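Chain by chain, the residues run as shown.
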Amino acid sequence: MTPRRKRMLVVLGVLAGVGIASVLVFRALSENMMLFYDPSQVVAGDAPRGRPFRIGGMVTKGSVTRDTGSLEIRFVVTDFKHSVPVTYTGVLPDLFGEGKGVVAHGRLTPNGAFAADEVLAKHDEKYMPPEVAKSLKGAPPQGST
Amino acid sequence: MIPELGHLALILALCLAAAQSVFGLAGAFWRRAEWMAVVRPAVAGQFVFVALAFGCLTAAFLGNDFSVNYVALNSNSALPAFYRVAAVWGAHEGSLLLWILVLATWSLAVAALSRSLPDTFIARVLGVLGLISAGFMTFTLATSNPFTRLMPPAMDGNDLNPLLQDFALAVHPPILYTGYVGFAVAFAFACAAMLEGRLDQSWARWTRPWTIGAWIFLTIGIALGSWWAYYELGWGGWWFWDPVENASFMPWLAGTALIHSLAVTEKRGLFRGWTLLLAIFAFSLSLLGTFLVRSGVLISVHAFATDPARGVFVLTFLTLCIGGALTLYAWRAPKLGSTAGFELWSRESFLLFNNILLVIAAALILLGTLYPLFMDGLGLGKISVGPPYFRAVFLVPMLPLLALVGIGMHASWKRARLGDVKRPLLLALLVALVFALGISLWAFGRTTTLALVGLTAGLWIIYSSLRDPISRLRKRQSLSAAVLGMSIAHFGVGVFTIGVAGVEAYKIEKDVALKPGQSAKVGGYDFAFRGLRNVDGPNYSAIEGEFDVTRNGSMVRVLRPQKRTYRVQTSPMTEAAITVGWTRDLFVALGDSLGGDAWSVRIQYKPLIRYVWLGALFMAFGGLVAASDRRYRTVRASEALPADSAARDTA
């Protein structure tokens, strides 16, 4: 094998390695990325079914209910145009509350409700996740505090 | 009056930083000794005025001067004095001032400890540091002045974010910043070497202790942040792959690579261009981290309020710094190339693989962190990249790295003969595997691939790092601080790996609903909920739960988690109760009242989690020992010697 050909083989090997690696990385990326939808998009049917995604908006005032003593909680997320009911079982973050911004991760159930496996709330009073702020922008400020 | 004094001091410091950079860079270029002589006094003056500005802001906090907007927003008269000082860097403006103070301190240290370095070289180093400093001061004065007055003054302050009212978080930012900003020194050394057109082994020897110093602080800072997130955020995890955590982790990975590549440059004069690039990357990633945190473009726990003007400024600054340095690199680096060779089976190639793997890891994290920004920018929808991505892709470069650490330590330069250590290392690998199996089956009752691989790798690295120092001590041979430090740091890697494997494989997290008198069983422990009572703190009131933790009927500990409500910001805060142990942590956090005196409670069993932070501490301590090596001090005394021959003597 001439040195030239050897070098060519090395270069090809490296290229193939990089190619395979990047395919794997981008697959890992697309499998694990979570799309974000606001309630209007979910109601319009844009959100995927059978695949987890994130939904964000405001927790509608007076919508938080739970059975006494149960870990399961139900609330409604709204962008003031449309609303989606959400269910979640577990401990809620400190800053979760009615009339406050929330992002939930989970999937749609066949009856149109959103079953969350993780609920994130704003981490301080002033801070709001940019995506929530954007999805609330242009909405009438009714009920917001 | 005091805030105005601080403002004035900051402006004067900016002028001095400008003088420092102009006289440093121009003086070195035209070789004007009288210009270069101005640089050191300018550094000292800049430090004095920055410290004065910082002191003024601190005084405003301690004196509860609510006529200053920043104080009114982030402090309160009921806030304990310690947190009033910590509140200085509790938000954007003050943390920038802290950044500047840390940079001024590093610059002062470089100016004071570099008497024996060539004049033009050190003038350039300080000139570059002055440029960075001037950039950040301009940013602060133009967009985020902490001294702005509030008219009319507030009656009382808005209080510090309750999440930040905690010891670890009070000291986390200064330590983390010291690490971040410390890479500016390595960056400045790299730029100066390129401007000078000279990069030899003594350059690597000057740069090494500074880089290790910054790396030590960054390591401790990240560990502190992780520890804080564990007990204070109330979630009980130790790493969340949050964008801001990633922002501090990427410079750490690049810095770790830099430390290793500097070793090759110093000992063998190789990897010169690569070392320069890593120095540029480490600092660029630090700046990128600052940008990500400050501009609010990312959704994160740490994100401060969004202000587009600030984002644009930092982004411009980032582009100038990285672009400038890379242009310089493209222009000058080809002249600095090295010619010596090495064989595939040698310490050089182990370190090369270390570098490649660490850089790949940093690149994969960078991709995952910035991907949502690209997607959003291109209008392809809002996405976030979750922890599963990071967990999956991070292991790919890290597992081979762990395998290489054990062997690499025993490989010699140029051409390694592993003959005499091959057998003990293989044997140790087998023993480690048996131990790992034993630990996982005996202590946890089951095993997983992750646990087995992690525990084996951890134990093996521990053996491998201890082997050399112990045998040398036994034979009463001398052991240089550099080698000892390396062994300690790698020992820390082993300890860390064991901790990660243990906690990730065997942790138990459970959310339960409990009424007083009821109990829950998690990980072999019984958590009996005794009841609730009200407690009052200085600026909060709290509901405190009491849990008796028992194991097979014998008492382990009483845990008292709290749910606090801070009076001013009226936001609830979970204060988890944790009992710490060598083999496991038990963690209880109060959730919400579920009605009918039931409460939601999060109970966690975290085996071996302490070793995660203990390992990080060992790494930092190893760095400290290595940086104290005598040769970094003697090189200053013998600096007059031609650089290359001095390096060859000790290589």
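Now for a look at the structure at hand. Residues take numbers from 1 onward in each chain, read along the sequence in its written order. Going through the entries in the order they are written, you letter the chains from A and number the ligands from 1. In view of the model being predicted, local features appear only for residues whose pLDDT reaches at least 70, and side-chain atom pairs are presented and counted only at 80 or more, with totals across whole chains, interfaces and linings using the full set of residues.

A separate point is the overall build of chain A. Each helix is a run of H or I in the DSSP string that is no shorter than four residues. Each strand is a run of E no shorter than two, and both are numbered from the N terminus. The helix and strand tally for chain A stands at three helices and seven strands. Traced from its N-terminal end to its C-terminal end, chain A shows the element sequence α-β-α-β-β-β-β-β-β-α. To assign burial, the other C-beta atoms lying within 10 Å of each residue's own C-beta are counted, with C-beta atoms placed from the backbone; 20 or more indicates buried, 12 or fewer indicates exposed, and intermediate counts indicate partly exposed. The buried share of chain A, reckoned over its 145 residues, is 32%. For chain A, the share of sequence-separated contacts (at least 6 apart) that also reach a separation of at least 24 residues comes to 54%. In this description, any two residues whose backbone-derived C-beta atoms lie within 7 Å of each other are considered to be in contact.

This next bit is on the sheet that holds strand S2 (residues 508-514) of chain B. The strands making up a sheet are joined through hydrogen bonds of the backbone, oriented either antiparallel or parallel. Residue and element names in this part refer to chain B. One open sheet holds the four strands; their spatial order is S2-S11-S10-S9, and the pairing between them is antiparallel. Taken across any chain shown, the strands that pair with only one partner, and hence form the sheet edges, are S2 and strand S9 (577-579). Ignoring which end each strand starts from, the neighbouring axes of this sheet average 20° apart. Bridge count for S9 against strand S10 (residues 584-595) is three bridges, and the pairing is antiparallel. A pair of strands is considered paired only if DSSP assigns at least 2 bridges between the two. Axis angles are defined between N-to-C directions and span 0 to 180 degrees, where every axis is a line fitted to C-alpha atoms and, for a helix, only to the segment in contact.

Now for the pairing of strand S8 (residues 572-575) of chain B. The side chains of a regular strand alternate between both faces of the sheet. Residue and element names in this part refer to chain B. On S8, burial covers both faces: Pro572 and Thr574 on one face and Met573 and Glu575 on the other are all buried. With four bridges connecting them, strand S7 (residues 562-566) and S8 associate as antiparallel partners. When the bridges of S8 are listed, arginine 564 appears paired with methionine 573. The antiparallel hairpin formed by S7 and S8 contains five residues in its connecting segment, where threonine 570 sits at a positive phi of about 45°.

All names here are of chain B. To estimate how far a helix should reach, multiply one less than its number of residues by 1.5 Å. The end-to-end C-alpha separation of helix H9 (residues 201-232) is 46 Å, in line with the 46 Å expected for 32 residues at 1.5 Å each. Maximal helix bending in H9 amounts to about 30°, located at threonine 207; proline proline 209 follows within four positions. A large share of H9 lies buried, amounting to 30 of its 32 residues. At every residue, the bend is computed as the angle between two fitted axes, covering the seven residues ending there and the seven beginning there respectively.

Taking 1.5 Å per residue as the helical rise, helix H14 (residues 387-408) of chain B with its 22 residues ought to reach 32 Å, and the 30 Å between its terminal C-alpha atoms agrees with that figure. Taken as a whole, H14 of chain B carries its principal kink of about 35° at leucine 395 of chain B; the proline proline 397 of chain B stands between one and four residues after it.

What follows is about the nonpolar core. All names here are of chain B. Among the nonpolar cores identified, the biggest contains 245 residues, and Leu103, Ala184, Ala186, Phe189 and Ala279 are the most heavily contacted of them. Among the elements that make up this core, the one with the highest residue count is helix H8 (residues 167-196) (19 residues). Look past the residues within four positions of alanine 184 in its chain and what remains in contact with it is Leu103, Trp106, Leu129, Ile132 and Phe283. Note on terminology: a nonpolar core is a set of buried residues of type Ala, Val, Leu, Ile, Met, Phe, Trp, Tyr or Cys, with members joined through C-beta atoms within 7 Å.

A word on the environment of phenylalanine 189 of chain B. All names here are of chain B. Inspection of the secondary structure puts phenylalanine 189 in helix H8. For the pair formed by phenylalanine 189 and tryptophan 210, sequence separation is 21 residues and the distance between their alpha carbons is 9.6 Å. Filtering out sequence-adjacent residues up to four positions away, phenylalanine 189 remains in contact with Val125, Trp206, Thr207, Trp210 and Ala279.

Residues and elements named next belong to chain B. Examined against the element boundaries, isoleucine 461 turns out to sit in helix H16 (residues 449-474). Given 26 C-beta atoms within a 10 Å radius, isoleucine 461 is considered buried. Measuring from C-alpha to C-alpha, the distance between isoleucine 461 and aspartate 597 comes to 51 Å, with 136 residues separating the pair along the chain. Look past the residues within four positions of isoleucine 461 in its chain and what remains in contact with it is Leu402, Val405, Gly406, His490, Val493, Gly494 and Thr497.

All names here are of chain B. With an omega of -10°, the peptide bond running from methionine 151 to proline 152 counts as cis. Among the secondary structure elements, proline 152 is positioned in the loop between helix H7 (119-143) and H8. Phi is positive for arginine 476, close to 55°, though the residue is something other than glycine. One can find arginine 476 in the loop between H16 and helix H17 (481-506). The exposure class assigned to arginine 476 is exposed, which follows from the 7 C-beta atoms found within 10 Å.

Another point: the packing of helix H10 (residues 243-268) of chain B against helix H13 (residues 347-377) of chain B. Residues and elements named next belong to chain B. Here H10 crosses H13 at 160°, and the two axes come no closer than 9 Å. Classified by the angle their axes make, H10 and H13 are roughly antiparallel. You can see that H10 and H13 cross each other, and the crossing is left-handed. In what follows, roughly perpendicular refers to angles from 65 to 115 degrees, roughly parallel to angles under 35, roughly antiparallel to angles over 145, and oblique to any angle outside these ranges. Definitions for this section: a left-handed crossing has its near helix turned counterclockwise from the far helix by less than a right angle. A right-handed crossing has that turn clockwise.

So yeah, pure geometry; function would need other evidence.
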